[in-house]
Amino acid sequence: MERAVLIRTISSSSLACNRFLFSSPRLARSFLSKSPVVASRRHYHRLIPDLTNRLLPRRGLRRFFRLSVASQSSSLRFSLSNRHFSSLATRAVASPSTQVSPEIAGVNDEVAEKFGFEKVSEQFIGECKSKAVLFKHKKTGAEVMSVSNDDENKVFGIVFRTPPKDSTGIPHILEHSVLCGSRKYPLKEPFVELLKGSLHTFLNAFTYPDRTCYPVASTNTKDFYNLVDVYLDAVFFPKCIEDFQTFQQEGWHYELNNTAEDITYKGVVFNEMKGVYSQPDNILGRTAQQALFPDNTYGVDSGGDPKVIPKLTFEEFKEFHKKYYHPSNARIWFYGDDDPSERLHILSEYLDMFDASKAREESKIAPQKLFAEPVRIVEKYPVGEGGDLKKKHMVCLNWLLSDKPLDLQTELELGFLDHLLLGTPASPLRKALLESGLGDAIVGGGVEDELLQPQFGIGLKGVSEDNIPKVEELIMSTLQKLSEEGFEKDAVEASINTIEFSLRENNTGSFPRGLSLMLRSIGKWIYDMDPFEPLKYEKPLIALKARIAEEGSKAVFSPLIEKFILNNPHCVTIEMQPDPEKASRDEAAEKEILEKVKASMREEDLAELAHATEELKLKQETPDPLEALRTVPSLSLHDIPKEPIRVPTEIGDINGVKVLQHGLFTNDVLYSEVVFDMSSLKQELLPLIPLFCQSLLEMGTKDLTFVQLNQLIGRKTGGISVYPFTSSVQGKEDPCSHIIVRGKSMAGCAEDLFNLMNCVLQEVQFTDQQRFKQFVSQSKARMENRLRGSGHGIAAARMDAKLNMAGWISEQMGGISYLEFLQALEEKVDNDWDGISSSLEEIRKSLLSRKGCLVNMTADSRTLTDTEKFVSKFLDLLPSNSPAERASWNARLPVNNEAIVIPTQVNYVGKAANLYDVGYQLDGSAYVISKHISNTWLWDRVRVSGGAYGGFCDFDTHSGVFSFLSYRDPNLLKTLDVYDATGGFLRELEMDDDTLTKAIIGTIGDVDAYQLPDAKGYSSLLRYLLGITEEERQRRREEILSTSLKDFKEFADVIDAVKDKGVSVAVASPDDFEAADKERPNFFQVKKAL
């Protein structure tokens, strides 16, 4: 996962917007939002995954649409998370040719033979304009997919089938550990050196239930091959299989600082999984998977169960690597515009060192046999005390759809069915559940087809115990009705258009296209099936459309519902019951185990354990020797362009409204944003903004129901979204605050796009009280889930709200304040709907005006010219009244330390201060310094030594707020002490020229983040809104490139402001808060949120 996305996932004050100075941030939200269901499959990452789940596939159609997300607003990512356009994708092309394109370089048989490979198959994949060749390494049997095309964003990945036999988390711990030094790169963590000093566009590793993936990507060929070599050496020759301390650090160990203290568990994966097991939706997903697959490897947790992880031995760990991390068990992927012969050359140097093994046979995944009867399971999950526990139940129905993998045509049909059932707010199953009033939000993953056998899951959370049978009956009766009556014609047409648009657009956002294709291909390849087949959607799509046209959609989809769901006895119903004692009971059980461990030890054993703890920390905190650091290959500053990437931008005027146009090749797609000024809005209306945005897209008009409007948008466009954008502006007191309406369509449908934008903005009626009440319940459920899973974002937003006005605005629309607002609003909807409806109209009246409006468009020059007349008509229909005067929003939260206490087993610890308030003048070196602090000091002390899953910092150069944050952290006060010692770290820092160069290059890698055309146009828009000029971008780049050790030393005094004047916010467990309060009485003011 890209390093830059570790920062805030909910604050719309512009932490993420920092990157707009140079490029777009790592844009996180998907442009079609599918239903807000929670995927039941879990993928565990070495780095913190994008916490808005960009790396995790959403639902359904995974073989075709895996992991392809379009760019979206970096800010207020919480606002419309269940309604944005398409997270599906693949490039618009003509029908695939069976002939290999002569324009793309290939590898002749003699070259392949020279490097020890034989060519198994060669095909031209028209859908992605690529020549794909499957090679087999003759000595070991390793398989290689070599995909060649003109994409500069090159991708490499090596994947091993790694089926666990228990829940000790071996695959996950090994995934972390192999990147901690290797034969050629004998330092503690070459992975971190790559984070610091490469131009990677992707760098991570992740563990599935049955496989482990190690992907990298870069647009720079030299850098790309450096990354490939480090990863190959890491997986085949890791130090961890000989280094018990790496196993302890990444997996688990007993920690005892002195013999008088209690023994504790520590370990990065151990603590990561404690965080996973604190989230109800994750507990539900794990329970469902294990219940559906009781007899094969999916019946255990590859990520590791915190109760089971401490049973893992070092010998088992080593044996797992020996058995499965072998070329005979490897699938290797190359993609992009590099030399395909060089790929084989690089691989041969590693693969030739091995003989064939039986790993491929021994790692095969056995299919789960289908049940004869349904199963019901009741599970507890932790909740806070207080509130009506009777209304906090969850229920989910899950089916295993087949006893074997499905053919591609059936998978495609099931994917369409999934989209029809759940893919939009108007989808009948989703609509029926949410409108029933039986629960707050949907759970379950819909169709999940990433494992050997596909599944389907759907349910509700926020259900009262009495209503659980009613939810189950509603699901079954709705499916029965759809089977008997079929789907509306318009719904089918909208679904086909949405999916086909997304396939052809191939918009994967900041996620490399080659990696999206790799994960799609590996979904079949890993089970010894055809790796080419999942890349070729054209023929099955044509066949499906033809069948629907000839036989009707009912003939296609009704048999699927009947066969795979209604008449399928392999059904597992999961009922989740709230238990306010569970978290404390789990903590007490762990404590009891550790007390018994200590009681069983002699004094000399305890002394030895304390010594081992000290030795491990010493190793963790001792820097690598320079000679070891120099083994990691890197670029030089001569490889770095001296100027920033510039986006073509023409600023014009249509009907008195400013229009920005970006002439870029977009494959005949038009991307457009219409921006409205939010500054005249009354302060008390700000918390309603996210719900206002949702209402625009999910309520009806005078002539159209919301279902008809939703279907019309699906039939005519690639999607429309509405969301707020808020950021501080450097040097200005007032924030930048706007509502952005974002849409996309094929160029020929531009008129439809702007007509529908106008319809959404001006014709939607705020009259549906019950739908609005659903929005409130859904939003509250999402916020509660975010508080448990992304507590660092909640802490960051809270600190921002104490330190600047933009942060306060954002927190009102997406932090704890917003959650409190939603809790009060639930009751108010019943008692004062007229008042709420009037407030929504007041927001619309305040926003919609031609004056203060801005239009942004990205497409080829002909499309831009042809679209101007539709923009003119759209603008003519807008009110021409002058907006009200700027409202007074001069508000901030009290500057006090807060502990937000929730039922969890981990903490999220933050501390921040405004550096501009102490006189700091921005210099580009700050980008280099903050990145270096994250990748060295905080990585070593918060993650490696402290045991947290993540520790990082961010400098919002627009507001001046410098923030420290930790993620899934076992500590609280200790982490704050690390933050406070950062100034001392900088003062004592010694850095040779190579290390400094790496730090600069890594920063440029963030600055020059790879972008698709729509993201380039959107980034240019945000730079315009924030007043960032090309001259400033050039100046900051020059400051980055000229950063010196002196800059680091001088920044120490600046960063001491966080220690001396900073504010702390922690999202914490009750036990850890209580311990902190005993150690530092009244340091935190406590706030219970769940």
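Every value quoted in this text rests on a predicted model; they were computed, and no experiment measured them.

## Looking at the overall build of the protein
Scanning the protein for helices and strands turns up 38 helices and 30 strands. Considered along the principal axes of its C-alpha atoms, the protein spans approximately 80 × 65 × 65 Å. The buried share among the 1090 residues of the protein stands at 68%. Here the analysis covers contacts within the protein between residues at least 6 apart in sequence; of these, 84% occur between residues at least 24 apart.

## Digging into the layout of surface pockets
Roughly 1,300 Å³ of internal volume is contained in the largest pocket. Elements that contribute at least two residues to the lining of the largest pocket include exactly strand E12 (264–266), helix H7 (268–276), helix H19 (582–599), helix H32 (973–980) and helix H38 (1070–1079). With eight residues, H19 is the single largest residue contributor to the lining of the largest pocket. Considering only enclosed or pocket space, the second largest pocket measures out at about 980 Å³ in volume. Among the elements of the structure, helix H8 (280–292), helix H13 (428–435), strand E17 (455–463), helix H25 (769–789) and helix H28 (816–831) are those that each provide at least two residues to the lining of the second largest pocket. Here the lining of the second largest pocket takes 10 residues from H25, the largest share from any one element. When grouped by side-chain class, the residues that make up the lining of the second largest pocket number nine nonpolar, 15 polar and 15 charged.

## Regarding the nonpolar core
Formed by 91 residues in total, the largest nonpolar core has its most connected members in Phe772 and Leu787. Counting residues per element, this core draws most heavily on helix H24 (residues 750–763), which supplies eight residues. Aside from chain neighbours lying at most four places away, what touches phenylalanine 772 is Leu688, Leu691, Ser695, Met699, Leu825, Val829, Trp833, Ile836 and Leu840. By size, the runner-up hydrophobic cluster in this structure holds 73 residues, among which are Val144, Tyr265, Phe334 and Leu594.

## Section: the packing of helix H12 (residues 408–422) against H13
Where H12 contacts H13, the axes come no closer than 4 Å and their chain directions differ by 30°. Here H12 lies roughly parallel to H13, going by the angle between them. Where H12 abuts H13, its residues Leu420, Leu421 and Leu422 lie against Pro428, Leu429 and Arg430. Taken together, the residues of the contact of H12 with H13 sort by class into five nonpolar, no polar and one charged.

## Notes on H28
The end-to-end C-alpha separation of H28 is 23 Å, in line with the 22 Å expected for 16 residues at 1.5 Å each. Along H28, the sharpest change in direction is near 35° and occurs at leucine 825. Every buried residue of H28 is listed here: Ile816, Ser817, Tyr818, Leu819, Leu822, Leu825 and Val829.

## Structural notes on helix H10 (residues 340–351)
With 12 residues, H10 should reach 16 Å at 1.5 Å per residue; the first-to-last C-alpha distance of 17 Å fits that figure. Of all 12 residues in H10, nine are buried, a share of seventy percent or more. Within H10, the full set of buried residues consists of Pro340, Ser341, Arg343, Leu344, Ile346, Leu347, Ser348, Tyr350 and Leu351. Where H10 begins, the side chain of aspartate 339 points an oxygen toward the backbone nitrogen of serine 341, at a separation of 2.9 Å.

## Some points on the sheet that holds strand E25 (residues 898–901)
Ordered by their spatial adjacency, six strands build an open sheet running E27-E28-E26-E29-E25-E30, and the pairing between neighbours is mixed. Two strands lie at the open edges of the sheet, namely strand E27 (950–956) and strand E30 (1085–1088), each paired on one side alone. Here the average twist between neighbouring strands, direction ignored, is 15°. As judged from the five bridges shared by strand E26 (residues 908–914) and strand E29 (residues 1063–1068), these two strands associate in the antiparallel manner. Across the sheet, tyrosine 908 pairs through a bridge with valine 1067, a residue of E29.

## Side note on the side chain of serine 737
Considering the arrangement of structural elements, one finds serine 737 in strand E23 (residues 736–746). Ignoring any residue separated from it by four or fewer positions in sequence, one finds serine 737 in contact with Phe676, Asp677, Met678, Ser679, Phe725, Thr726 and Trp889.

## Re the sheet that holds strand E14 (residues 375–382)
Strand order in this open sheet of five strands is E14-E18-E15-E17-E16, and the pairing throughout is mixed. The open sheet has two edge strands, E14 and strand E16 (441–448), and neither has a second partner. Put simply, the sheet's adjacent strands are angled 15° from each other on average, direction ignored. Bridge count between E16 and E17: six bridges; the pairing is antiparallel. Of the residues in E17, the one forming a bridge with valine 443 is glycine 459.

## Some points on the packing of aromatic side chains
One pass over the full model with this rule turns up 43 aromatic pairs. Their ring planes at 50° and their centres at 5.7 Å tell us that phenylalanine 692 and phenylalanine 766 sit as a pair that is tilted. Placement of phenylalanine 692 in helix H22 (residues 689–698) and of phenylalanine 766 in the loop between H24 and H25 is noted, with a sequence separation of 74 residues between them. Phenylalanine 766 shares its class with phenylalanine 692; the two are buried.

## Quick notes on the environment of arginine 788
Following the sequence through the fold, arginine 788 ends up in helix H25. Through-space distance from the C-alpha of arginine 788 to that of serine 130 is 42 Å; in sequence the pair is 658 residues apart. Once residues lying within four places of it in the same chain are set aside, the contact partners of arginine 788 are Ser278, Gln279, Pro280, Tyr381, Pro382, Val383, Ile902, Pro903, Tyr908 and Leu1090.

## Overview of the environment of leucine 626
Inspection of the secondary structure puts leucine 626 in helix H21 (residues 626–629). The partly exposed category is assigned to leucine 626, whose relative accessible area is 37%. As a C-alpha pair, leucine 626 and leucine 187 span 439 residues in sequence and 9.5 Å in three-dimensional space.

## Here's the deal with the state of the cysteines
Counted by the stated rule, this structure contains zero disulfides. With no disulfide of its own, cysteine 853 has cysteine 736 as its nearest cysteine by sulfur position, at a separation of 14 Å.

## Section: the confidence of the model for the protein
Scored by pLDDT, the protein has a mean of 90; 91% of the residues are at 70 or more. Confidence drops under a pLDDT of 50 for residues 1–41, and excluding neighbours within four residues, the segment shows 227 contacts in the predicted structure. The low-confidence segment residues 49–102 (pLDDT under 50) makes 290 contacts with residues lying over four places distant or belonging to another chain.

## Looking at the side chain of glutamine 577
Its location among the elements puts glutamine 577 in strand E18 (residues 571–579). A polar contact is formed between the side chain of glutamine 577 and the side chain of lysine 380, at a distance of 3.0 Å. Among the polar contacts listed, one links the side chain of glutamine 577 to the side chain of glutamate 575, at a separation of 3.3 Å.

## Some details on the pairing of strand E15 (residues 393–400)
With eight of its eight residues buried, E15 lies for the most part within the structure. Of the two faces of E15, the one holding His393, Val395, Leu397 and Trp399 and the one holding Met394, Cys396, Asn398 and Leu400 are both buried throughout. Pairing geometry for E15 and E17, over eight bridges, is antiparallel. Residue leucine 397 lies in a different strand from E17, and its bridge partner there is isoleucine 458. Where E15 lies against E18, six bridges are found, and the strand directions are antiparallel. From the neighbouring strand, cysteine 396 faces E18, where its bridge partner is isoleucine 574.

## Topic: the pattern of salt bridges
Summed over all chains, the structure comprises 74 salt bridges. The salt bridge partner of glutamate 643 is arginine 646, with a shortest N-O separation of 3.8 Å. When the shortest N-O distance is used, the salt bridge between lysine 911 and aspartate 980 registers 2.8 Å. One end of the pair, lysine 911, is in strand E26; the other, aspartate 980, is in helix H32, with 69 residues separating them in the sequence. Lysine 911 gets classed as buried once you look at its relative accessible area, which sits at 6%. Linked by salt bridges that have partners in common, Glu143, Arg161, Arg331, Arg360, Lys364 and Asp528 make up one network.

## Notes on the environment of arginine 585
By the secondary structure assignment, arginine 585 is in helix H19. For the pair arginine 585 and proline 382, spaced 203 residues apart in sequence, the C-alpha to C-alpha distance is 9.7 Å.

Criteria and cut-off values
Residues numbered from 1 in each chain as written. Predicted model: local features only at pLDDT ≥ 70, side-chain atom pairs only at ≥ 80, totals over all residues. Heavy atoms only, no water. Helix = DSSP H or I, 4+ residues; strand = E, 2+ residues; numbered from the N terminus. Buried < 20%, exposed > 50% of the residue type's maximum accessible area, 1.4 Å probe, protein only. Contact = heavy atoms within 4.5 Å. 1 Å grid on protein atoms, 1.4 Å probe; cavity = no way out; pocket = protein on both sides within 12 Å on 5 of 7 lines; lining within 4 Å. Points joined across faces, edges and corners; volume = space filled by probe spheres on them. Nonpolar A, V, L, I, M, F, W, Y, C, P; charged D, E, K, R; others polar. Core = buried A, V, L, I, M, F, W, Y, C linked by side-chain atoms within 4.5 Å. Axes fitted to C-alpha atoms, helices over the stretch in contact; angles between N-to-C directions. Parallel < 35°, antiparallel > 145°, perpendicular 65-115°, else oblique. Expected span 1.5 Å × (residues − 1). Bend = angle between axes of the 7 residues up to and from the residue. Polar contact = N/O pair within 3.5 Å; in protein donor to acceptor, adjacent residues only side chain to side chain. Pairing = 2+ DSSP bridges. Phe/Tyr/Trp six-rings, centres within 6.5 Å; stacked < 30°, edge-to-face > 60°. Disulfide = S-S within 2.5 Å. pLDDT = per-residue confidence, 0-100. Salt bridge = Lys/Arg side-chain N within 4 Å of Asp/Glu carboxyl O.

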